[in-house]
Every structure is written in structure tokens, then in C-alpha cells.
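Chain by chain, the residues:
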Amino acid sequence: MIYISPSLLAADFNCLGAEVKRIEEAGADYLHLDVMDGVFVPNISFGLPVIESLRKTCGLVFDVHLMITKPERYVERFANAGADIITFHYEACDDPAAAIANIKELGKKASISISPKTPAEAVLPFLPELDMVLVMTVEPGFGGQSLIPETLEKVKIIRKTIDENGYNCNIQVDGGISEKNISLVTEAGANVIVAGTAVFRSPDPKKTIEDMRKNS
Ligand code: DX5
Ligand code: ZN
């Protein structure tokens, strides 16, 4: 099963509620929410109040991607704000096992992300406990970049390990993905596909999402 998770970062911030409604009606599965702190990544996006507010009217799965230092400090607050899946960065967290346990105790799905320079091996020990792994296909921080093809090798390694061991873990990819290159990431083994620019900036998001499913 392929899940499409449009990234709010590419939406028109002047009318977020309407933008989210538009994407929900277009057939998205998740809403990807990129939280940036200006420290872990050189950019600042949005945080708790925006997520809390969108939660009131949106029925999509909230897929929260925390690009913040020491994410364990904020896991509970994002859970309370309405996150369904909480992804934190391996590079930003002192004790990933404890953060995973905390997210799961809060009744949410736990996910670790690795940036392009971090090897796949970093996440393998955590796979039995994880609901999802996010393999970044661009350097985190900005939308609208091009996919780095070398990152797909890591998707293949993680997919092989999940399948060989029968783990119940999705693989998400994020950055530079559209209906034109989605087959690259799904063939490598990814099944949760983030797309910011491709979906939110499309003249016909419904068709774009359909094309993504068709081409996956
Ligand atoms: C980048 C973010 C992505 C970004 C993807 O740091 O994690 O979710 O919004 O945007 P596109 O699909 O435009 O590359
Ligand atoms: Zn993201």
C-alpha cells in the first residue's frame, strides 16, 4: 500500500485551512507537517499552534516531521497538538530508543529520520520498535530541491532488513519527489511518499495524486 503525504511547506500560508481542505479533497492520505527550529536546519517554519489549529478541521493523518534539536523535549506537546505520526531526526536526538518509547507510550506512531549523510545502518537497530523510517532524499530544511539519487541505496538496505525480519515498519521518503520520479523511490522500497511542491503547487492536485499512485 502506497500512502501519499503532501507537505504543507509548499502551501499558500495565507490560507492554510483552505489549502489543507483542498489537499484532503484531492485524495491525500496523510498531511506532512515540517517543523523547523532554525538550529537543526537553517530555516524556521511553523510549530505547535498551527498544528493544533489545523487539527480542528482536518481528518487526515498528521505526519509530523520534527527538524528540531533534542526533539525528545517536545514529543508530548506535539502528541497533544494532534500528531498521529511523530518523526524525529537520528542526528538530533541523544537517546533514540527512549524517544521511540515515549512516542509509543503517548499512543502515537514513532518514526526516525536520517539525513542524506547518515548511513542506513544507523536506524537498523531500532527497526523492531519503529512504525516508520524516513529516509531524506534531500538535505532537510527547504522544499523544492532535487532528489539525491544516492539516498535510494539506503532505502533498499532498510527495505531488505524489514522484509527479511518481518518487521511492521513503513519507509517514507521526502524531498524532490513528483509523479515523474515516484517509481524510483517505490522501486527502491519506499511506501510513504512525501511531496510538497509537486502536489501543493500543482494546478490539479487530484490528478497529480492519482498520477503518483498510478506511476508508483
Ligand atoms: C524538507 C522537508 C520536505 C519538503 C519537501 O526539509 O522535509 O518535507 O517540504 O518538499 P518538496 O516535495 O518540494 O521537495
Ligand atoms: Zn519533511
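Computed from a predicted structure; not experimentally measured. (Residues numbered from 1 in each chain as written. Chains lettered and ligands numbered in written order. Predicted model: local features only at pLDDT ≥ 70, side-chain atom pairs only at ≥ 80, totals over all residues. Heavy atoms only, no water.)

## What to know about the overall build of the protein
Okay, step 1: Within the protein, the regular secondary structure consists of 8 helices and 8 strands.
Okay, step 2: Expected size for 216 residues packed as a compact globule is a radius of gyration near 17 Å; at 16 Å, the protein falls within 12% of this value.
Okay, step 3: Seen along its three principal axes, the alpha-carbon backbone of the protein occupies a region of about 40 × 35 × 30 Å.
Okay, step 4: Across the 216 residues of the protein, 54% fall into the buried class.
Okay, step 5: Sequence-distant contacts, at least 24 apart, represent 64% of the contacts inside the protein between residues at least 6 apart.
Okay, step 6: Within the structure as shown, the protein displays about 9,400 Å² of accessible surface, and the carbon and sulfur contribution to it stands at 51%.
Okay, step 7: Treating the 21 positive side-chain charges of the protein as one cloud and the 30 negative ones as another, the clouds have centres 4 Å apart. (Helix = DSSP H or I, 4+ residues; strand = E, 2+ residues; numbered from the N terminus. Rg over C-alpha atoms; globule rule 2.2 N^0.38 Å. Buried < 20%, exposed > 50% of the residue type's maximum accessible area, 1.4 Å probe, protein only. Contact = heavy atoms within 4.5 Å. Areas by Shrake-Rupley, 256 points an atom, 1.4 Å probe, with all protein chains shown as cover. Lys, Arg positive; Asp, Glu negative; His and termini not counted. Charge placed at Lys NZ, Arg CZ, Asp CG, Glu CD.)

## What to know about the packing of aromatic side chains
Okay, step 1: The final tally for this structure, using the stated rule, is 2 aromatic pairs.
Okay, step 2: When the ring of Y3 is compared with that of Y30, the centres are 5.3 Å apart and the planes differ by 20°; the resulting orientation is stacked. Separated by 27 residues along the polypeptide, Y3 in strand β1 (residues 3–6) and Y30 in strand β2 (residues 30–36) bring together distant segments of the chain.
Okay, step 3: When the ring centre of F62 is taken as origin, the NZ or CZ atom of R55, which lies over that ring, is 3.7 Å away. (Phe/Tyr/Trp six-rings, centres within 6.5 Å; stacked < 30°, edge-to-face > 60°. Lys NZ or Arg CZ within 6 Å of the ring centre and 35° of its normal.)

## What to know about the sheet that holds strand β8 (residues 192–195)
Picture the strands of a sheet paired through backbone hydrogen bonds; they go either parallel or antiparallel.
Okay, step 1: Strand order across the open sheet formed by 8 strands is β1-β8-β7-β6-β5-β4-β3-β2, with parallel pairing between neighbours. Looking at which strands have only one partner, the edges of the open sheet turn out to be β1 and β2. Each strand of the sheet is rotated relative to its neighbour by a mean of 20°, with strand direction disregarded.
Okay, step 2: Along the sheet, helix α4 (residues 96–105) makes contact with β4 (85–89) and β5 (109–114), crossing β5 at roughly 150°. (Pairing = 2+ DSSP bridges. Axes fitted to C-alpha atoms, helices over the stretch in contact; angles between N-to-C directions.)

## Points about the environment of A92
Okay, step 1: With respect to the secondary-structure elements, A92 resides in the loop between β4 and α4.
Okay, step 2: Judged by its relative accessible area of 9%, A92 is buried.
Okay, step 3: Residues A92 and P203, spaced 111 residues apart in sequence, show a C-alpha to C-alpha distance of 36 Å.
Okay, step 4: In contact with A92, other than residues within four places in its own chain, are F40, I68, T69, K70 and P71.

## Topic: the site of ligand 1
Okay, step 1: Of all residues adjacent to ligand 1, which total 20 residues, the nearest are D34, G141, D174, G196 and T197.
Okay, step 2: Note that an oxygen atom of ligand 1 is positioned 2.7 Å from one of the side-chain N or O atoms of D174.
Okay, step 3: Within the side chain of T197, one N or O atom sits 2.4 Å away from an oxygen atom of ligand 1.
Okay, step 4: Protein coverage of the free-state accessible area of ligand 1, which is 380 Å², stands at 99%.
Okay, step 5: Broken down by element, the residue count for the shell around ligand 1 peaks at 3 residues, all from β2.
Okay, step 6: When its residues are assigned to classes, the shell around ligand 1 shows 8 nonpolar, 10 polar and 2 charged. (Near = heavy atom within 4 Å. Polar contact = N/O pair within 3.5 Å; in protein donor to acceptor, adjacent residues only side chain to side chain. Nonpolar A, V, L, I, M, F, W, Y, C, P; charged D, E, K, R; others polar.)

## Points about the coordination of the zinc ion (ligand 2)
Okay, step 1: Within the protein, the atoms that donate to the zinc ion (ligand 2) are H32 (NE2), D34 (OD), H65 (ND1) and D174 (OD), at distances of 2.0 to 2.3 Å.
Okay, step 2: What the 6 donor atoms of the zinc ion (ligand 2) show is an angle range of 70 to 171° at the metal, which sorts the shape as octahedral.
Okay, step 3: Sequence spacing of the donors to the zinc ion (ligand 2): H-x1-D-x30-H-x108-D. Taken as a pair, H32 in strand β2 and D174 in strand β7 (residues 170–174) lie far apart in primary sequence, 142 residues in all. Accessibility assignment for this pair places H32 and D174 in one class, buried. (Donors = N, O, S within 2.8 Å, 3.2 Å for Na, K, Ca; no water. Tetrahedral: all angles 85-135°; square planar, octahedral: opposite > 155°, others 65-115°.)

## Quick word on the pattern of salt bridges
Okay, step 1: Applying the stated criterion to the full structure yields 14 salt bridges.
Okay, step 2: For R159, the salt bridge is made with D163, and the minimal N-O distance between the two is 3.2 Å. Taken together, the positions of R159 and D163, both in helix α5 (residues 152–165) and 4 residues apart, correspond to about one turn of that helix.
Okay, step 3: Through salt bridges that share partners, K207, D211 and K214 make up one connected network. (Salt bridge = Lys/Arg side-chain N within 4 Å of Asp/Glu carboxyl O.)

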